[in-house]
Amino acid sequence: MQILGFDTDPAKPRAINQGRSYLKHIPGELIRPLVEKGSLAATSKFERLSESDVLLICVPTPLTAHLEPDLSFVISTAQTIARHLRRQQLIILESTTYPGTTAEVLGPILETSGLKCNRDFFLAFSPEREDPGNSEYSTSRIPKVVGADCAEAQEAACALYNHFVARVVTVSSSATAEAVKLTENIFRAVNIALVNELKIVYEAMGIDVWEVIEAAKTKPFGFMPFYPGPGLGGHCIPVDPFYLTWKAREYGIATRFVELAGQINSSMPQHVVHKLACAIDAHRGKGLNGARILVLGIAYKKNVDDTRESPGLRIIEMLEQRGAKVSYYDPYVPVIPETREHKLLAGRRSLDWSPTDFGSYDAILIVTDHDDVDYGELVANAQLVIDTRNVCRRAGIVSPRVLPA
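It should be emphasised that the depicted structure is a prediction, and the values quoted were computed from it without experimental measurement.

1. A closer look at the sheet that holds strand β7 (residues 168-171)
Here we have 5 strands laid out as an open sheet, ordered β3-β4-β5-β6-β7, and mixed in their pairing. Each edge of the open sheet is held by one strand with a lone partner, namely β3 (54-57) and β7. The mean inter-strand angle of the sheet, taken between neighbouring strand axes irrespective of direction, is 30 degrees. Pairing analysis gives 2 bridges linking strand β5 (residues 122-125) to strand β6 (residues 144-148), with the strands arranged antiparallel. Paired with Ala124 across the strands is Ala148, a residue of β6. Relative to the sheet, helix α4 (residues 101-110) contacts β3, β4 (90-93) and β5, its axis offset from that of β5 by approximately 150 degrees. Taken strand by strand, helix α5 (residues 151-161) contacts β3, β4, β5, β6 and β7, and its axis lies near 160 degrees from that of β6.

2. A few points about the environment of Trp353
As for its placement among the helices and strands, Trp353 is situated in the loop between β9 (325-329) and α12 (355-358). For the pair Trp353 and Leu40, spaced 313 residues apart in the sequence, the C-alpha separation amounts to 38 Å. Those residues in contact with Trp353, other than ones at most four positions away along the chain, are Leu296, Tyr329, Phe358, Val373, Asp374, Glu377 and Leu378. A distance of 2.8 Å separates a polar atom in the side chain of Trp353 from a polar atom in the side chain of Glu377.

3. Structural notes on the state of the cysteines
Under the defined criterion, the tally for this structure stands at 0 disulfides. Cys58 takes part in no disulfide bond, and the closest cysteine sulfur, belonging to Cys236, lies 12 Å away. Looking at Cys117, it has no disulfide partner, and the nearest cysteine sulfur is the one in Cys150, 7.2 Å off. By relative accessible area, which is 18% here, Cys117 ends up buried.

Cut-offs used in this document
Residues numbered from 1 in each chain as written. Predicted model: local features only at pLDDT ≥ 70, side-chain atom pairs only at ≥ 80, totals over all residues. Heavy atoms only, no water. Pairing = 2+ DSSP bridges. Helix = DSSP H or I, 4+ residues; strand = E, 2+ residues; numbered from the N terminus. Axes fitted to C-alpha atoms, helices over the stretch in contact; angles between N-to-C directions. Contact = heavy atoms within 4.5 Å. Polar contact = N/O pair within 3.5 Å; in protein donor to acceptor, adjacent residues only side chain to side chain. Disulfide = S-S within 2.5 Å. Buried < 20%, exposed > 50% of the residue type's maximum accessible area, 1.4 Å probe, protein only.

In short, shape yes, function no, at least from these values alone.
The following block contains the structure:
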């Protein structure tokens, strides 16, 4: 099998063709042998699309400012493919989207080529399933869901994925496969919202939510642990539920439960900033205006370099709006990349790890609990640590200078 990668950023194909990886979790040692034997190449020239028998569309599907689906990347990619589409090609959409996108949006655009869907070319949907930073479950070990609207497309898509995943799970249609992905992420979003709300309730009662969860998860049935935090991040969980709420309105259905979960999760950065402000007031005798804050971790989850939808970025902006002087440390994010939502933060650089400087900050706010951080050294040198991830206690560090948030 020969793989040809496409990206509009020419730096990425150039890196691949040189046997280098631009992704931190994929070492170049895995890519280089494939490039050298001719199994892997990359390009930014779309005219080469006709060379491939199968085209996988893996583009962003963000939200607009009004929390509505932004399919601009899917649409523009489909329009480009249509100009180069040939007979007998299989097109598989992997980008998360609302049920009906593959058949109702992608198919008609591809048919502008003059070819007929599921007769001249074939179309399927297979959602990506990835847990960045999880070394136990690599792509090949995660079952692949495949849905198509004709038997030939289903069979062809299954034949492809059977080459490199342990198990392929078929469903009856592309819309069903699209719904599977949304259901997986909505399940997580709703349960995280539940424990976030419980955290606030138990906090008012003087009960430690982390202790509650640890005890509750000893039940061998009927309970699955989820954990609170400073807010949701990543390209899936904060975004995907709103794809369903938008589509549901077409049928006159209000997804109140899903939308409430989104509101709770979206409010967590405000809760963290409020807790931080109260802690500085109580322990340092000052407000946020003029306070020096060090944010530890701005990746959206531990041990990855991905900042998409990261609550850390939003928290930095909120703190600075209240007059705080904010720096950050993240061993995985040396420079904040440009994003659509946080343009003013682009280009800021992580500080070096410097324990002797920690005492100069009024507070250090742990937003991301990376494993390769010496939390003992952090706490020993800081005046005040606000821990949103319970990482200090998990590391066995108990100190009056550490407060939960």
